[in-house]
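Close look at the chain arrangement
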Amino acid sequence: QVKLVESGGGLVQAGGSLRLSCAASGRTYTMAWFRQAPGKEREFVAAITWTGYTTNYADSVKGRFTISRDNTISPVYLQMNGLKPEDTAVYYCAADTTGGITTSASYKYWGQGTQVTVSS
């Protein structure tokens, strides 16, 4: 069992930046960030393989967000630049998919979430 703990959320003005971190209690492989806004379904944001060489992004965040990690035991980061009010959501870290990397149901481990609020 791997425990994930997110940090780094907060309140920021539109156009600002935040960096989220996800620390794992053990070794992880593919890791991802998802987000869920009030009244909406959880959606994929970004994913990174265990090597850190392959990344995948939702179209809505491409060019603004960057996911990174150093190795299978290091934290995973989500650098968010050019934030927009529509980025407001609870952001969740997920680890070790058993299927598609963009499908939330495929991930084995989840963090508790961190709130990101972007004001206009």
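Before reading on, note that the structure itself is shown above.
Quick caveat, the model's predicted, so the values are computed rather than measured.

It is worth spelling out the sheet that holds strand β3 (residues 18–24) at this point. With antiparallel pairing, the 4 strands of this open sheet are ordered in space as β1-β3-β8-β7. Lying at the two open borders of the sheet, with one neighbouring strand each, are β1 (4–7) and β7 (65–69). Ignoring strand direction, the axes of neighbouring strands in this sheet form an average angle of 15°. Bridging between β7 and strand β8 (residues 76–80) involves 5 bridges; their strand directions are antiparallel. Of the residues in β8, the one forming a bridge with T66 is Q79.

Okay, the environment of S74 next. Mapping S74 onto the fold places it in the loop between β7 and β8. By relative accessible area, which is 11% here, S74 ends up buried. Spatially, the C-alpha atoms of S74 and C22 are 8.9 Å apart, while their sequence positions differ by 52 residues. Here D70 takes part through its backbone nitrogen, which lies 3.0 Å from a polar atom of the side chain of S74.

Among covalent bonds in proteins, the disulfide is the one between the sulfur atoms of two cysteines. All told, the structure shown has 1 disulfide when counted by the stated rule. Bridging C22 to C93, the disulfide has an S-S length of 2.0 Å. Disulfide C22-C93: torsion about the S-S bond near -80°, hence left-handed. Of this pair, C22 sits in strand β3 while C93 sits in strand β9 (residues 89–97), placing them 71 residues apart in sequence.

In this section: unusual backbone geometry. Backbone geometry at D96 places phi at a positive 60°, although glycine is not the residue there. With respect to the helices, strands and loops of the structure, D96 is situated in strand β9.

Bridge analysis of β1 against β3 gives 4 bridges, and the strand direction is antiparallel. Across the sheet, residue V5 finds its bridge partner in β3, namely A23. Two elements, β3 and β8, share 5 bridges in a ladder whose sense is antiparallel. The residue bridging C22 from the neighbouring strand is V76, located in β8.

The subject of this paragraph is the nonpolar core. Among the nonpolar cores identified, the biggest contains 34 residues, and W33, L78, M80 and Y91 are the most heavily contacted of them. If we ignore the near neighbours within four places in the chain, the residues touching L78 are L18, R19, L20, W33, V45, A46, F65, T66, I67 and Y91.

When we look at a pair of aromatic rings, we describe it by the centre distance and by the angle of the planes. Throughout the structure, instances matching the rule amount to 5 aromatic pairs. Measuring from ring centre to ring centre gives 5.7 Å for F34 and F44, while their planes differ by 75°; the resulting arrangement is edge-to-face. With a gap of 10 residues between them, F34 in strand β4 (residues 31–36) and F44 in strand β5 (residues 43–48) connect regions that are remote in the sequence. By relative accessible area, F44 is classed as buried at 11%. Between Y107 and W110 the ring centres are 6.3 Å apart and the planes differ by 70°, which places this aromatic pair in the edge-to-face class. Among the residues examined, W110 registers a relative accessible area of 26% and is labelled partly exposed. One aromatic cluster in this structure is built from F34, F44, Y92, Y107 and W110. For the cation-ring pair, R19 lies above Y77, with the distance from its terminal atom to the ring centre recorded as 4.1 Å. Of note, R42 hangs over the ring of Y92, and the distance from its end group to the ring centre comes to 3.8 Å.

About the thresholds
Residues numbered from 1 in each chain as written. Predicted model: local features only at pLDDT ≥ 70, side-chain atom pairs only at ≥ 80, totals over all residues. Heavy atoms only, no water. Pairing = 2+ DSSP bridges. Helix = DSSP H or I, 4+ residues; strand = E, 2+ residues; numbered from the N terminus. Axes fitted to C-alpha atoms, helices over the stretch in contact; angles between N-to-C directions. Buried < 20%, exposed > 50% of the residue type's maximum accessible area, 1.4 Å probe, protein only. Polar contact = N/O pair within 3.5 Å; in protein donor to acceptor, adjacent residues only side chain to side chain. Disulfide = S-S within 2.5 Å. Core = buried A, V, L, I, M, F, W, Y, C linked by side-chain atoms within 4.5 Å. Contact = heavy atoms within 4.5 Å. Phe/Tyr/Trp six-rings, centres within 6.5 Å; stacked < 30°, edge-to-face > 60°. Lys NZ or Arg CZ within 6 Å of the ring centre and 35° of its normal.

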